[in-house]
Amino acid sequence: MTSDTLPYAVDAECPLKDSELAVLRKQYESEGAYVGVQTKFNYAWGLIKSTRRGDQQHGVRLLTEIFRDHVERRRECLYYLALGHYRLGNYAEARRYNEILLENEPANSQALSLRGLIDDKVAREGLLGVAIVSGVALAAGLVGSALWKGLARKR
């Protein structure tokens, strides 16, 4: 992904400061059982931008609740659900939510940029996975060969 397309998906790589997240958390907690949907959304947004995996998971849970319970907020939840799953490394889920958004808004620059980031990450991790599997297969082959030669000598 080139740097000239990154600003559209800037949320993917720019974490929120702890102090900023604390403000969102305080507002969310102050509303208690009657938390407003906008406050919940803002807090979920902050959580997925956190560098802590537990926060990101909590943010995805909150966004999922909003997506499920507030039909009028689904469109804005789609991108952030895709982003949250991307940050968690759940690329299939990230792609699923992002593609739903792109079906309805094919020119959405944030979603198009995020699609590129997801594709790049999947390709990179796919190559890493192939390298790991190849390395394991090579090691197993060497161990198997050594064992086979050892058995052949005993005969």
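Residues numbered from 1 in each chain as written. Predicted model: local features only at pLDDT ≥ 70, side-chain atom pairs only at ≥ 80, totals over all residues. Heavy atoms only, no water.

A. Summary view of the packing of aromatic side chains. For the structure on display, the rule yields 5 aromatic pairs. Between Tyr79 and Tyr80, the ring centres sit 5.0 Å apart and the planes meet at 80°, which makes this aromatic pair edge-to-face. This pair shows no difference in class: Tyr79 is buried, exactly as Tyr80 is. Above the ring of Tyr97, the side-chain terminus of Arg96 is found at 4.6 Å from the ring centroid. (Phe/Tyr/Trp six-rings, centres within 6.5 Å; stacked < 30°, edge-to-face > 60°. Buried < 20%, exposed > 50% of the residue type's maximum accessible area, 1.4 Å probe, protein only. Lys NZ or Arg CZ within 6 Å of the ring centre and 35° of its normal.)

B. Fine view of the nonpolar core. Among the nonpolar cores identified, the biggest contains 31 residues, and Tyr43, Leu63, Tyr80, Leu83, Tyr86 and Leu114 are the most heavily contacted of them. Residue assignment for this core shows that the elements contributing at least two residues are helix H1 (18-30), helix H2 (37-48), helix H3 (53-69), helix H4 (74-88), helix H5 (91-104) and helix H6 (109-154). With 9 residues, the top contributor of residues to this core is H4. (Core = buried A, V, L, I, M, F, W, Y, C linked by side-chain atoms within 4.5 Å. Helix = DSSP H or I, 4+ residues; strand = E, 2+ residues; numbered from the N terminus.)

C. Structural detail: the environment of Lys49. Position of Lys49 among the secondary structure elements: in the loop between H2 and H3. As for Lys49 and Leu21, which are separated by 28 residues in sequence, their C-alpha atoms are 9.0 Å apart.

D. Representation of the environment of Leu21 within the structure. Relative to the helices and strands, Leu21 resides in helix H1. When neighbours within four sequence positions are excluded, Leu21 is seen to be in contact with Leu16, Tyr43, Gly46, Leu47, Ser50, Arg52 and Asp55. (Contact = heavy atoms within 4.5 Å.)

E. Local environment of the pattern of salt bridges. Applying the stated criterion across every chain, the model contains 10 salt bridges. Ionic pairing is found between Arg68 and Asp69, a salt bridge with its closest N-O pair at 3.0 Å. Judged by its relative accessible area of 44%, Asp69 is partly exposed. Arg95 is the partner of Asp119 in a salt bridge, and the nearest nitrogen-oxygen pair spans 2.6 Å. Residue Asp119 is located in helix H6, and its partner Arg95 is located in helix H5; the two are separated by 24 residues in the primary sequence. Since its relative accessible area comes to 33%, Asp119 is described here as partly exposed. Residue class for Arg95 comes out partly exposed when judged on its relative accessible area of 31%. Within this structure, Asp18, Arg25, Arg52 and Asp55 form a network of salt bridges that share partners. (Salt bridge = Lys/Arg side-chain N within 4 Å of Asp/Glu carboxyl O.)

F. Just the environment of Val37, in detail. Following the sequence through the fold, Val37 ends up in helix H2. Distance in space between the C-alpha atoms of Val37 and Asp69 is 9.7 Å, their sequence separation being 32 residues. Discounting chain neighbours no more than four positions away, the residues touching Val37 are Ile66, His70 and Arg73.

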